[in-house]
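Here are the chains, one letter per residue:
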Amino acid sequence: MTDALSFAERVVRWQRQQGRHQLPWQNPRTPYRVWISEIMLQQTQVQTVVSYFNAFMHRFPDVRQLAQASEDDVLSAWSGLGYYSRARNLHRCAQDVVQLWGGELPTRSEDLERLPGIGPSTAAAIAALCHGERISIMDGNVQRVLTRWLAHADDLILASSRKALQTQAQALLPTDAQSMQPYTQGLMDLGALVCKPKQPDCEACPLGSDCQARRLGKPLDYPVKTRKLTRRSESWWLLLMQTRQGQLGLVQRPAAGVWARLWSLPMFASESAAMATLPNACLPHLAWQPPLKHVLTHRDWWLNVGVVSLSQPLDMGGLVWLDPDQALQRALPQPIRACIQGWQARAKS
Ligand code: SF4
């Protein structure tokens, strides 16, 4: 009888029988692999993360090799996942782990939280999944399951509401350390597979018999988050310049802001500024491509790419000239990579 079991017992039993057991970071489940997967999963779907995770592990199999890599290498391995501050923090964190912790991630969540880029939920995930610490994680999937089961109607934008939820979550934890791994994984799996954002499958849910949101008939009302993002649109003009020898001009982005320290085609705030950098003789051959939309957290970028051939490399501050294959080895944001690859494919056809 499901009802005779506690919340935690039901989650653990369901995870063992129906949860996910084949994700690459579960086999083997080491603190390093859990850490990398948690950071990748923060803004990215599991299906996308799997291939990036495997390639990242191949390139940086342990924390020491990640710490010793150049930032450019780490950004290059991250290229396509977006939100590049995650990769920069990952790299800094690996260096701190080597310098301060002898190359082993600390085991307690309170120590993990002091490292760059490791927030409370990631720290809790590593400590609970790998060391059985009795602490509740609070990622988006888990927040959804808990707020629905509890009918927690306070706005999670407020720190006081998140704290109250955390307190309730702590009270639901298993009493024994051995159950923390399947319990934590179980809550994440329930959020991903059953208690989905728009289509919760309450019939199949092990928590359905006493779920308050289900009883009220309104699971979709939870979690409550009121703040709406105000989105802005910006346009940028980029130059894809190719020399007679087939080389492309790339620049490294500034150390702060979007795409910080990644490599890009030169970007300009206006069409006229882009054109002003080119010799007059080239202008009749400059071909603007249809704008590409790139979605960022708070804004949409419209990227206008102008393709132009030059008789010789331009002498522009910071510009480096590379063969297309070399250019694609650099840490490029995904839209720039796609743009260069598209241009390469058109040139070959
Ligand atoms: S019963 Fe429905 S709403 Fe409640 S936790 Fe399960 S899937 Fe989510």
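Details of the structure are given in the entry above.
Here's a quick rundown of the structure. (Residues numbered from 1 in each chain as written. Predicted model: local features only at pLDDT ≥ 70, side-chain atom pairs only at ≥ 80, totals over all residues. Heavy atoms only, no water.)

What about the packing of aromatic side chains?
To describe a pair of aromatic rings, you give the distance between the ring centres and the angle between the ring planes. Stated precisely, the cut-off is as follows: Two aromatic rings, drawn from Phe, Tyr or Trp (for Trp, its six-membered ring), form a pair once their centres lie within 6.5 Å of each other, and the interplanar angle then sorts them: stacked below 30 degrees, edge-to-face above 60, tilted otherwise. Helix and strand assignments come from DSSP, with helices taken as H or I runs of at least 4 residues and strands as E runs of at least 2, each series counted from the N terminus. Per-residue accessibility, obtained with a 1.4 Å probe over protein chains only, is compared with the maximum for each type, and a residue is labelled buried under 20%, exposed over 50%, and partly exposed between these values.
Across all of its chains, the model carries eight aromatic pairs by this definition. Ring centres of Trp-25 and Phe-53 lie 5.2 Å apart, and the angle between their planes is 75°; this geometry places the pair in the edge-to-face category. Pair noted here: Trp-25 is in the loop between α1 (7-18) and α2 (31-41) and Phe-53 is in helix α3 (residues 46-59), with a separation of 28 residues, a long-range link. Owing to a relative accessible area of 6%, Trp-25 belongs among the buried residues under this scheme. Look at Phe-53 and you get buried, because its relative accessible area is 0%. Pairing Trp-259 with Trp-301 gives two aromatic rings, centres 5.0 Å apart and planes at 80°, and the pair type is edge-to-face. Of this pair, Trp-259 sits in the loop between β2 (248-252) and β3 (263-264) while Trp-301 sits in strand β7 (residues 299-310), and the two are 42 residues apart along the sequence. In this pair, the class of Trp-259 matches that of Trp-301, namely buried. Chaining the aromatic ring pairs together yields one cluster made of Phe-7, Trp-149 and Tyr-183.

A short note on the site of the ligand
What counts, and what does not: Note on definitions. A residue lies near a molecule or strand when any single heavy atom of the residue is within 4 Å of it. Polar here means any residue outside two lists: the nonpolar Ala, Val, Leu, Ile, Met, Phe, Trp, Tyr, Cys and Pro, and the charged Asp, Glu, Lys and Arg; Gly therefore counts as polar.
If you check the shell around the ligand, you find Arg-148, Cys-195, Pro-200, Cys-202, Cys-205, Gly-208, Cys-211 and Pro-219 and nothing else. Tallied by class, the residues present in the shell around the ligand amount to six nonpolar, one polar and one charged.

Concerning the side chain of Arg-148
What counts is decided by this rule: Lys and Arg are tallied as positive, Asp and Glu as negative. Neither His nor the chain termini are counted. Any carboxyl oxygen of Asp or Glu within 4 Å of a side-chain nitrogen of Lys or Arg constitutes a salt bridge here. Definition of a polar contact: a pair of N or O atoms within 3.5 Å, with one able to donate and the other able to accept a hydrogen when the atoms are protein atoms, and with sequence-neighbouring residues admitted only if both atoms are side-chain atoms. We call two residues in contact whenever any of their non-hydrogen atoms come within 4.5 Å of each other.
Considering the arrangement of structural elements, one finds Arg-148 in helix α9 (residues 140-150). Comment: no salt bridge for buried Arg-148; closest opposite-charge side chain is Asp-221, at 8.5 Å. At 2.9 Å, the side chain of Arg-148 and the backbone oxygen of Lys-196 are in polar contact. Discounting chain neighbours no more than four positions away, the residues touching Arg-148 are Cys-195, Lys-196, Pro-197, Pro-200, Cys-211, Gln-212, Ala-213, Pro-219, Leu-220 and Tyr-222.

Quick look at the nonpolar core
As a rule of thumb, soluble globular proteins bury nonpolar side chains together. For the record, the criterion: In this description, a nonpolar core means a group of buried Ala, Val, Leu, Ile, Met, Phe, Trp, Tyr and Cys residues linked to one another through side-chain atoms lying within 4.5 Å. Here the limits of each domain have been adopted from an automatic or database domain assignment.
With 93 residues, the main nonpolar core has Trp-35, Ile-36, Phe-56, Leu-66 and Tyr-183 as its most contacted residues. The dominant element in this core, judged by the number of residues it contributes, is helix α8 (residues 120-131), at seven residues. When residues are assigned to domains, this core turns out to be shared by domain 1 (2-221) and domain 2 (232-348), each giving three or more. Those residues within four positions of Ile-36 in sequence are excluded, and the remaining contacts are Phe-53, Phe-56, Met-57, Leu-66 and Leu-90. Core analysis: the second largest hydrophobic core is formed by 14 residues, Val-251, Phe-268, Cys-282 and Trp-321 among them.

Quick look at the side chain of Asp-139
When you line up the elements, Asp-139 lands in the loop between α8 and α9. For the buried Asp-139, no salt bridge exists, and the shortest N-O distance to an oppositely charged side chain is 7.4 Å, to Arg-20. In this structure Asp-139 touches Ser-121 and Met-188, once residues within four positions along its chain are discounted.

Looking at the environment of Leu-262
Summarising the element assignment, Leu-262 is placed in the loop between β2 and β3. Considered as a pair, Leu-262 and Tyr-84 are 178 residues apart in the sequence and their alpha carbons are 8.6 Å apart. Ignoring any residue separated from it by four or fewer positions in sequence, one finds Leu-262 in contact with Leu-75, Tyr-84, Val-251, Gln-252, Arg-253, Ala-331, Leu-332 and Pro-333.

A look at the pairing of β7
When a strand is regular, its side chains alternate between the sheet's two faces. Note the threshold: One requirement defines pairing of two strands: DSSP has to find at least two bridges between them.
Most of β7 sits out of view: nine of its twelve residues are buried. Here twelve bridges tie strand β1 (residues 232-243) to β7, and the two strands are oriented parallel to one another. Bridge pairing in β7 links Ser-235 to Trp-302. The pairing of strand β5 (residues 287-288) with β7 spans two bridges and is antiparallel. Note on β7: the bridge partner recorded for Ala-287 is Val-307.

Comments concerning helix α11 (residues 180-193)
In an α-helix, one turn spans 3.6 residues; hence positions three or four apart end up facing the same way. Worth spelling out the cut-off: What a helix should span is 1.5 Å times the count of its residues minus one.
Its 14 residues place the ends of α11 19 Å apart at the C-alpha level, agreeing with the 20 Å of an ideal helix rising 1.5 Å per residue. With eleven of its 14 residues buried, α11 lies for the most part within the structure. Among all positions in α11, only Met-180, Pro-182, Tyr-183, Thr-184, Gln-185, Gly-186, Leu-187, Met-188, Asp-189, Leu-190 and Gly-191 are buried. Elements that come into contact with the buried residues of α11 comprise α1, α2, α8, α9 and α10 (159-172).

With respect to the pattern of salt bridges
Across all of its chains, the model carries twelve salt bridges by this definition. One salt bridge in this structure joins Arg-20 and Asp-189, with 2.8 Å as the shortest N-O distance. Highlighted residues: Arg-20 in the loop between α1 and α2 and Asp-189 in helix α11, separated in sequence by 169 residues. Each member of the pair, Arg-20 as well as Asp-189, carries the same accessibility label: buried. Across the salt bridge formed by Glu-234 and Arg-232, the nearest N and O atoms sit 2.9 Å from each other. Judged by relative accessible area, Glu-234 falls into the buried class, the value being 16%. With a relative accessible area of 49%, Arg-232 lands in the partly exposed category. Look at the salt bridges and you will find they share partners, linking Arg-108, Glu-110, Asp-111 and Arg-114 into a network.

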